[in-house]
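Each chain is listed here by its residues.
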Amino acid sequence: QVQLVESGGGSVQAGGSLRLSCAASGSIFKINVMSWYRQAPGLQRELVAIIHSEGNTDYIDSVKGRFTISRDNAKDTVYLQMNNLKPEDTAVYYCYADLIRPGSYSYEDYWGRGTQVTVSA
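These numbers come from a predicted model, not from an experiment.

## Concerning the overall build of the protein chain
- What the protein chain contains, in helices and strands, is zero helices and eleven strands.
- The secondary structure elements of the protein chain, listed N-terminal to C-terminal, are β-β-β-β-β-β-β-β-β-β-β.
- Relative to the compact-globule value of 14 Å for 121 residues, the protein chain shows a C-alpha radius of gyration of 14 Å, a close match.
- Projected onto its principal axes, the C-alpha coordinates of the protein chain cover approximately 50 × 25 × 25 Å.
- Counting over 121 residues, the protein chain shows a buried share of 41%.
- A fraction of 55% describes how many contacts in the protein chain between residues 6 or more apart in sequence connect residues 24 or more apart.
- Accessible area of the protein chain: about 6500 Å², with a carbon and sulfur share of 46%.
- Averaging the locations of the 11 positively and 12 negatively charged side chains of the protein chain gives two centres separated by 4 Å.

## Structural notes on the side chain of E6
- By the element assignment, E6 lies in strand β1 (residues 2–7).
- As a buried residue without a salt bridge, E6 has its nearest oppositely charged side chain in R113, at a separation of 7.6 Å.
- A distance of 2.9 Å separates a polar atom in the side chain of E6 from the backbone nitrogen of C95.
- A distance of 2.9 Å separates the side chain of E6 from the backbone nitrogen of G114, its partner in a polar contact.
- Excluding residues within four positions of it along the chain, E6 makes contact with S21, C22, W36, Y93, Y94, C95, G112, R113, G114 and T115.

The rules behind these values
Residues numbered from 1 in each chain as written. Predicted model: local features only at pLDDT ≥ 70, side-chain atom pairs only at ≥ 80, totals over all residues. Heavy atoms only, no water. Helix = DSSP H or I, 4+ residues; strand = E, 2+ residues; numbered from the N terminus. Rg over C-alpha atoms; globule rule 2.2 N^0.38 Å. Buried < 20%, exposed > 50% of the residue type's maximum accessible area, 1.4 Å probe, protein only. Contact = heavy atoms within 4.5 Å. Areas by Shrake-Rupley, 256 points an atom, 1.4 Å probe, with all protein chains shown as cover. Lys, Arg positive; Asp, Glu negative; His and termini not counted. Charge placed at Lys NZ, Arg CZ, Asp CG, Glu CD. Salt bridge = Lys/Arg side-chain N within 4 Å of Asp/Glu carboxyl O. Polar contact = N/O pair within 3.5 Å; in protein donor to acceptor, adjacent residues only side chain to side chain.

Keep in mind these numbers describe shape, not what the thing actually does.
Laid out in structure tokens, this is it:
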């Protein structure tokens with residue numbers, strides 16, 4: 001059994017900062033990709049930031065220069081530092097991990113339940 005649990009969401013004013021965390025727990029052999037997605041009301045879920053096991057990162061254009069994704073492989077945890085937040089960043093943020101469980105031969109997708117981020121003007 002593997003779980004991803006997000007924390008750190010909340011409400012801030014435009015220009016503020018939040019730091020999201022997502023800890024993976026359970027029977028895990030190796031985590032490949034970890035990433036953050038978000039979904040605003042009425043819109044599709046979109047990939048915000050991604051980090052590979054070796055540390056390579058990528059971001060959607062709208063958050064470049066404002067958001068930073070990082071991970072602690074020893075803790076199976078991924079972070080998203082969000083600075084200079086804008087009202088259009090308001091969404092539910094979901095953590096995602098692509099991982100292998102002990103005894104398995106294939107990677108599996110896991111999702112957290114999401115954490116709400118609300119940015120007021």
